[in-house]
Amino acid sequence: MDTILEVRHLSKSFGKNEVLRDIDFTVSKGDVTSIIGASGSGKSTLLRCINLLETPSSGDVLFHGESVVSGKVNPSAYRSKVGMVFQSFNLFANMSVLENCMIGQVKVLKKSRAEARANAMKYLEQVGMAPYINARPRQISGGQKQRVAIARALAMEPEVLLFDEPTSALDPEMVGEVLSVMRELARGGMTMLVVTHEMAFARDVSTQAVFMKDGVIWERGAPEELFKNPQCPETRDFLSRFMEN
Amino acid sequence: MDRFSALIYDIGRLLEVYWKAYLSDLGNTLLLALVATVIGCLIGLVCGILNTIPYTKRDPFIKRFILKLIRVIVRIYVEVFRGTPMVLQAVFIFYGLPYFSNNQYRFDSLWAAAILIVSINTGAYMAESVRGGIISIDPGQTEGAKAIGMNHYQTMTSIILPQALRNIMPQIGNNFIINVKDTSVMFIIGFTEFFARHRYIVGLNNMYFPSATIEMIGYLAVTLTASFLLRWVEQRMDGADSYELAQADQLTMAAGTYSHPSHGTPFDEQSPEYRERLRQSLKNRNGSTRGDR
Ligand SMILES: Nc1ncnc2c1ncn2[C@@H]1O[C@H](COP(=O)(O)OP(=O)(O)OP(=O)(O)O)[C@@H](O)[C@H]1O
Ligand SMILES: [Mg+2]
């Protein structure tokens, strides 16, 4: 299998506060990796280090075997190949849904507007948002915003897509529409790294599950195993508390 | 009532003789305020942008040094020109230039001097507005842009500045209105504008109150028009309150239509009822920030 991302001994501190410690894992093409763990365990920070929104304090992130931390790789060029979907959507407020999905293609990938538009339409179609191309972000619901955000990321045709709790800011009735889009993507072979509190999604969709606590990976493995048969007491504890709620 | 008709009669008499002078000087005021506001906004924009270029501890020393120096210079500029009366700034700049250059340089054109002074003054206010406008934009916007590979320049020009400019439109309007009124202090360098005309005319005939009434109406006409135009521009920038759903046949339908999980339920976004509810809820949903100058 093609290895796309390797996280090697990654640590991150904010001042004296060590948020990530010696994180190590690999993402291969087509993998769907779920990262689970309690609030504050460093899941977001990990994703943000992977696409360089934060600078790791030590350790390395390799993209196709090449270090992206070393400074030899242009961060912007790298980020255009690693998409990110945020909990808070972060759609561009000054643009329509369609423009949101075109701007990166035009400015970063230097595509023509016609080509960018056709491509954007393809992905908006895929997430069921094609009828809303003229809407502004403030005019659509949370679930719709997140689907547009996914289309915006997809329109860049990234090799990996990072999701940071994509459904946590949504009303319960809108969670389903976003998860079904993500399921669809996984089925299509998209390589995904998903931080989520949706345990059913993590268990059923992912090919690899990672449990984090206090900035450390405690357990990692096939989701069936990790959910049915957790080896660490910490994982067991987290899962049992989670299932109660 | 007597007083009132007398006033109208006097105004009529004044306008009969001086309407051209009033009008052309109102034009001067308007032109000066307009040009100086535009230049001032450009100065403010440049200062605000330079002031918000991010740097980290990992950047080379020289870059950090230059950026810090710029911030200090802009800070001094803003504090000096915001903290002193424009009438004194006019004196300093207009008479200071020949004074400090031993009469080697002087302002040959009153227009150039007036525009320079008002622009610099406006720029000091706008620099702060622009900086505030930029840092008030949700950091998520920058992260969203970075995440699709945009660099700082692209992020600023496509995402942040359009939103910041929209948010500071009320301040731009404020500055223009203040400039319309405050250009009257340019009498100190001998620049004739609307208020100077009033001083000149009442000096000839002592008709203080009728002339002042004309001035009031003149200023109000300009500022009200400006407010109205500004609102219109703001609304244009906000875009329509509602949007048209694109029709399926206009779209290039890709194979395999996405089937919506809430199809047939009240949350089905394709249903006409849902769209109507959405349209209703979308009306009157535009916010704008208003602030002081
Ligand atoms: N910019 C920052 N400066 C200082 N501390 C930070 C910063 N960002 C995150 N932290 C700290 O790092 C820790 C991990 O935060 P992070 O957001 O990665 O957790 P998380 O696992 O994503 O939690 P959640 O499930 O609530 O999103 C927290 O203790 C947080 O306070
Ligand atoms: Mg988080």
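So, here's what we can say about the structure. (Residues numbered from 1 in each chain as written. Chains lettered and ligands numbered in written order. Predicted model: local features only at pLDDT ≥ 70, side-chain atom pairs only at ≥ 80, totals over all residues. Heavy atoms only, no water.)

It is worth spelling out the overall build of chain A at this point. On a plain count of helices and strands, chain A comes out with nine helices and ten strands. For chain A, whose C-alpha radius of gyration is 18 Å, the value lies close to the compact-globule estimate of 18 Å for 245 residues. Scored against the burial criterion, the 245 residues of chain A give a buried share of 60%. Taking the intrachain contacts of chain A between residues at least 6 apart in sequence as the baseline, contacts between residues at least 24 apart amount to 65%. Counting every atom, chain A has about 9700 Å² of accessible surface; 47% of that belongs to carbon and sulfur. (Helix = DSSP H or I, 4+ residues; strand = E, 2+ residues; numbered from the N terminus. Rg over C-alpha atoms; globule rule 2.2 N^0.38 Å. Buried < 20%, exposed > 50% of the residue type's maximum accessible area, 1.4 Å probe, protein only. Contact = heavy atoms within 4.5 Å. Areas by Shrake-Rupley, 256 points an atom, 1.4 Å probe, with all protein chains shown as cover.)

Residue and element names in this part refer to chain A. Within the largest apolar cluster, 46 residues are counted, with the highest numbers of intra-cluster contacts made by Leu-124, Ile-150, Phe-163, Met-182 and Met-192. Counting only elements with at least two residues in this core, the list comes to helix H3 (97–107), helix H4 (113–126), helix H5 (142–155), strand S7 (160–164), helix H6 (172–187), strand S8 (191–195) and helix H7 (199–205). Broken down by element, the residue count for this core peaks at eight residues, all from H6. Excluding residues that lie within four positions of it along the chain, Leu-124 makes contacts with Val-97, Leu-98, Cys-101, Met-129, Ala-130, Ile-133, Val-148 and Ala-151. In this structure, Leu-20, Val-27, Leu-52 and Val-82 belong to the second largest nonpolar core, which totals 33 residues. (Core = buried A, V, L, I, M, F, W, Y, C linked by side-chain atoms within 4.5 Å.)

Right, let's get into the side chain of A:Asp31. Residue and element names in this part refer to chain A. Among the structural elements, Asp-31 can be located in the loop between strand S2 (17–28) and strand S3 (32–37). No salt bridge is formed by the buried Asp-31; the nearest opposite charge belongs to Arg-220, separated by 8.0 Å. Looking at Asp-31, its side chain comes within polar contact range of the side chain of Thr-207, at 3.5 Å. (Lys, Arg positive; Asp, Glu negative; His and termini not counted. Salt bridge = Lys/Arg side-chain N within 4 Å of Asp/Glu carboxyl O. Polar contact = N/O pair within 3.5 Å; in protein donor to acceptor, adjacent residues only side chain to side chain.)

A few words on the side chain of B:Thr183. Residue and element names in this part refer to chain B. With respect to the helices, strands and loops of the structure, Thr-183 is situated in the loop between helix H6 (152–182) and helix H7 (194–205). You can call Thr-183 buried: its relative accessible area is 0%. In this view, Thr-183 contacts Thr-29, Leu-32, Ala-33, Met-86, Val-118 and Glu-193; residues no more than four positions away in its chain are not counted.

Once their charged atoms are close, side chains differing in charge can pair, the charge on each being opposite to the other. Counted by the stated rule, this structure contains 20 salt bridges over all chains. A salt bridge links A:Lys213 to A:Asp214; its shortest N-O distance comes to 3.9 Å. Judged by relative accessible area, A:Lys213 falls into the partly exposed class, the value being 31%. Of the charged contacts in the structure, one is a salt bridge between B:Arg131 and B:Glu128, with a shortest N-O distance of 3.5 Å. With B:Arg131 and B:Glu128 both in helix H4 (residues 110–135), this residue pair falls three residues apart, about one helical turn.

Let us look at the packing of aromatic side chains. In this description, an aromatic ring pair is defined by two values, namely the gap between the centres and the angle between the planes. Counting across every chain of the model gives eleven aromatic pairs over all chains. Centroid distance A:Phe63 to A:Tyr78: 5.3 Å. Interplanar angle 75°. Geometry classified as edge-to-face. Pair noted here: A:Phe63 is in strand S4 (residues 58–63) and A:Tyr78 is in helix H2 (residues 75–79), with a separation of 15 residues, a long-range link. Judged by its relative accessible area of 9%, A:Phe63 is buried. Residue class for A:Tyr78 comes out buried when judged on its relative accessible area of 2%. Relative to B:Tyr95, the ring of B:Phe94 has its centre 5.0 Å away and its plane inclined at 85°; by these criteria the two rings are edge-to-face. B:Phe94 gets classed as buried once you look at its relative accessible area, which sits at 14%. In this structure B:Tyr95 comes out as partly exposed when scored by relative accessible area, which is 41%. Following the ring pairs from residue to residue traces out a cluster consisting of B:Tyr22, B:Phe194 and B:Tyr219. Taking NZ or CZ as reference, A:Lys213 lies 5.9 Å from the ring centre of A:Trp218, over its face. Positioned above the aromatic ring of B:Phe187, the side-chain terminus of B:Arg199 is 4.5 Å from the ring centre. (Phe/Tyr/Trp six-rings, centres within 6.5 Å; stacked < 30°, edge-to-face > 60°. Lys NZ or Arg CZ within 6 Å of the ring centre and 35° of its normal.)

Moving on, we come to the pairing of strand S1 (residues 3–14) of chain A. Residues and elements named next belong to chain A. By the bridge criterion, eight bridges tie S1 to S2 in an arrangement that is antiparallel. When the sheet's bridge partners are listed, Leu-5 is paired in S2 with Val-27. Where S1 folds back onto S2 in an antiparallel hairpin, the turn is made up of two residues, including Gly-15, whose phi is positive at roughly 60°. Pairing geometry for S1 and S4, over five bridges, is antiparallel. Looking at S4, one finds that Val-7 is bridged to Val-61. (Pairing = 2+ DSSP bridges.)

Moving on to H4(A). Residues and elements named next belong to chain A. Its 14 residues give H4 an end-to-end C-alpha distance of 20 Å, which sits within 8% of 20 Å, the value for a rise of 1.5 Å per residue. When H4 is considered as a whole, its buried residues turn out to be Ala-116, Asn-119, Ala-120, Met-121, Tyr-123, Leu-124 and Glu-125. Along its buried surface, H4 packs onto H3 and H5. Of the residues flanking the end of H4, it is Gly-128, one or two places downstream, whose phi is positive at about 75°. (Expected span 1.5 Å × (residues − 1).)

Further remarks concern the packing of H7(B) against helix H8 (residues 208–238) of chain B. Residue and element names in this part refer to chain B. Two elements in contact, H7 and H8, have axes whose closest approach is 10 Å; the angle formed by their N-to-C orientations is 170°. When the axes of H7 and H8 are compared, the pair comes out roughly antiparallel. Residues Phe-194, Phe-195, His-198 and Val-202 of H7 form the contact with H8, whose own contacting residues are Tyr-208, Ser-211, Ala-212, Ile-214, Glu-215, Gly-218 and Tyr-219. The residue makeup of the contact of H7 with H8, split by class, is seven nonpolar, three polar and one charged. (Axes fitted to C-alpha atoms, helices over the stretch in contact; angles between N-to-C directions. Parallel < 35°, antiparallel > 145°, perpendicular 65-115°, else oblique. Nonpolar A, V, L, I, M, F, W, Y, C, P; charged D, E, K, R; others polar.)

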